[in-house]
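# Structural overview for review
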Amino acid sequence: MSSPAAGAVTLAPRRSSRFVAWVRAWRAGLVPYDEVAEEIAGDEEHLVSDAPGTWTDVPLRDALPTLAKLSPDEIRLVLPAPGDPRGLPGPGDFAGIALVAGEAVVAGGIGLIPQVRTHTSGSGMTFETVLWRCYPLPADASAASLASPGAAEAEAELASALAETTAALTRLDVAQWRPELAGALAALRRPDGTTDLPPGFDPRARRLFARAAVLDRVLALAGHSAPGGAINNHEAQQRDAALRPLTTACRQALVAACNAPLRP
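Let me sum up the structure you'll find in this document.

Calculation rules
Residues numbered from 1 in each chain as written. Predicted model: local features only at pLDDT ≥ 70, side-chain atom pairs only at ≥ 80, totals over all residues. Heavy atoms only, no water. Pairing = 2+ DSSP bridges. Helix = DSSP H or I, 4+ residues; strand = E, 2+ residues; numbered from the N terminus. Salt bridge = Lys/Arg side-chain N within 4 Å of Asp/Glu carboxyl O. Polar contact = N/O pair within 3.5 Å; in protein donor to acceptor, adjacent residues only side chain to side chain. Contact = heavy atoms within 4.5 Å. Phe/Tyr/Trp six-rings, centres within 6.5 Å; stacked < 30°, edge-to-face > 60°. Buried < 20%, exposed > 50% of the residue type's maximum accessible area, 1.4 Å probe, protein only. Lys NZ or Arg CZ within 6 Å of the ring centre and 35° of its normal. Core = buried A, V, L, I, M, F, W, Y, C linked by side-chain atoms within 4.5 Å. Axes fitted to C-alpha atoms, helices over the stretch in contact; angles between N-to-C directions.

Pairing between strand S4 (residues 104–107) and strand S5 (residues 110–120): 3 bridges, direction antiparallel. Along S5, the bridge assignment pairs Val-105 with Leu-112. Where S4 hands over to S5, the hairpin turn is made up of 2 residues, of which Gly-108 adopts a positive phi near 60°. Where S5 meets strand S6 (residues 126–136), 11 bridges bridge the pair, whose relative direction is antiparallel. Residue pairing across strands places Ile-110 opposite Pro-136, the latter belonging to S6. As consecutive antiparallel partners, S5 and S6 are separated by 5 residues, and within that stretch Gly-124 has a phi angle of approximately 95°, a positive value.

So, on to the pattern of salt bridges. Applying the stated criterion across every chain yields a total of 11 salt bridges. Arg-204 is the partner of Glu-155 in a salt bridge, and the nearest nitrogen-oxygen pair spans 2.5 Å. Note that Glu-155 is positioned in helix H7 (residues 151–171) and Arg-204 in helix H9 (residues 203–222), a separation of 49 residues in sequence. Connected through shared salt-bridge partners, Asp-84, Arg-86 and Arg-251 make up one network.

This part takes up the side chain of Arg-24. Among the secondary structure elements, Arg-24 is positioned in helix H2 (residues 15–27). Here Ile-75 takes part through its backbone oxygen, which lies 3.5 Å from a polar atom of the side chain of Arg-24. Excluding residues that lie within four positions of it along the chain, Arg-24 makes contacts with Pro-72, Asp-73, Ile-75, Arg-76, Phe-201, Cys-258, Asn-259, Ala-260, Pro-261 and Leu-262.

For Ala-139, the location among the structural elements is in the loop between S6 and helix H6 (141–145). Taking C-alpha positions, Ala-139 is 9.8 Å from Ile-110, a pair spaced 29 residues apart along the chain.

A word on the packing of aromatic side chains. Enumeration according to the criterion identifies 3 aromatic pairs in this entry. With 4.6 Å between their ring centres and 45° between their planes, Phe-19 and Trp-132 make a pair best called tilted. Of the two residues, Phe-19 sits in helix H2 while Trp-132 sits in strand S6, which places them 113 residues apart along the sequence. Here Phe-19 matches Trp-132 in class, with each residue buried. The ring of Trp-26 has Arg-27 lying over it, and the distance from NZ or CZ to the ring centre is 4.8 Å.

With that settled, consider the environment of Leu-70. One can find Leu-70 in the loop between helix H4 (60–63) and strand S3 (75–78). Residues Leu-70 and Ala-107, 37 residues apart in the sequence, show an inter-C-alpha distance of 7.6 Å. Setting aside residues no more than four positions away along its own chain, Leu-70 makes contact with Arg-27, Ile-75, Ala-107 and Gly-108.

Right, let's get into the side chain of Asp-84. For Asp-84, the location among the structural elements is in the loop between S3 and helix H5 (93–101). Polar side-chain contacts of Asp-84 include one of 2.7 Å to the side chain of Arg-86. In this view, Asp-84 contacts Thr-248, Arg-251 and Gln-252; residues no more than four positions away in its chain are not counted.

Bringing the nonpolar core into the picture now. Formed by 56 residues in total, the largest nonpolar core has its most connected members in Phe-19, Val-23, Leu-64, Leu-67 and Leu-158. In terms of residue count, the dominant contributor to this core is helix H10 (residues 233–258) (10 residues). Ignoring anything within four residues of it in the chain, the contact list for Phe-19 reads Ile-40, Leu-60, Leu-64, Leu-67, Val-105, Leu-112 and Trp-132. Grouped together as the second largest cluster of nonpolar side chains are 10 residues, Val-78, Phe-94, Ala-95 and Ile-113 included.

Glancing now at the sheet that holds S3. The strand order across the open sheet formed by 6 strands is S2-S1-S6-S5-S4-S3, and the pairing between neighbours is mixed. This sheet does not close on itself; its edge strands, each paired only once, are strand S2 (58–59) and S3. Sheet topology places S3 next to S4; 4 bridges connect them, and they run antiparallel. Opposite Ile-75, over in S4, you have Ala-107 as the bridge partner. Packing against the sheet, H2 makes contact with strand S1 (45–49), S3, S4, S5 and S6, and its axis sits at approximately 165° to S3.

Any link to function would need more than the numbers given here.
This is the structure we're talking about:
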């Protein structure tokens, strides 16, 4: 039986990170087109809305040829947050919606943002589909998205933020109200050789992605009080302040890993 800590560090990466990693590898000639849509979607149904040359929502596989003329470096991951719009191509519909969503893809002159739709069948079963909505971008969008940290810099910042946050949460006695979070943070400090990136990414990018992707799940867990927990508003504010630098470092680590140069 898996422990709560082990469960806390099991993460399917953000949809935009998978999209960028696999589409970039495809455009670099490192993975075949036939595999890309399946690797991005997994067990989900993914559709694309407003893709150039289409008049209705189309399956992700049918929309990918829209990106067939782009080089890998024209496809970039963006993980913006309020007060931190790095990578966004300036004001507009795409930037505003990306800030709310917290993730997006810049692909040449097109921006894509995933939206999760929940449906209920006639029998009462609920299921989800992912809709990638396309937005036209300014001509200088690709240049704007290049302003992201390198993998080495992002790895150092993530390690530093993780150490500081672990110490802060220990002082706050986080184990009293969220014991699995403490276990998950401890697990992150151990070497992890797993990766979920396609061929072409170097070992540093793979290591950085693996750690940051797991940490994304831990931070989502940390944002909620345990059921029946006794955390109050003051404690929640302390927790949020302790996690904020780590949240920023995690986002930048994912961006650096997915946007890292590819090698044949």
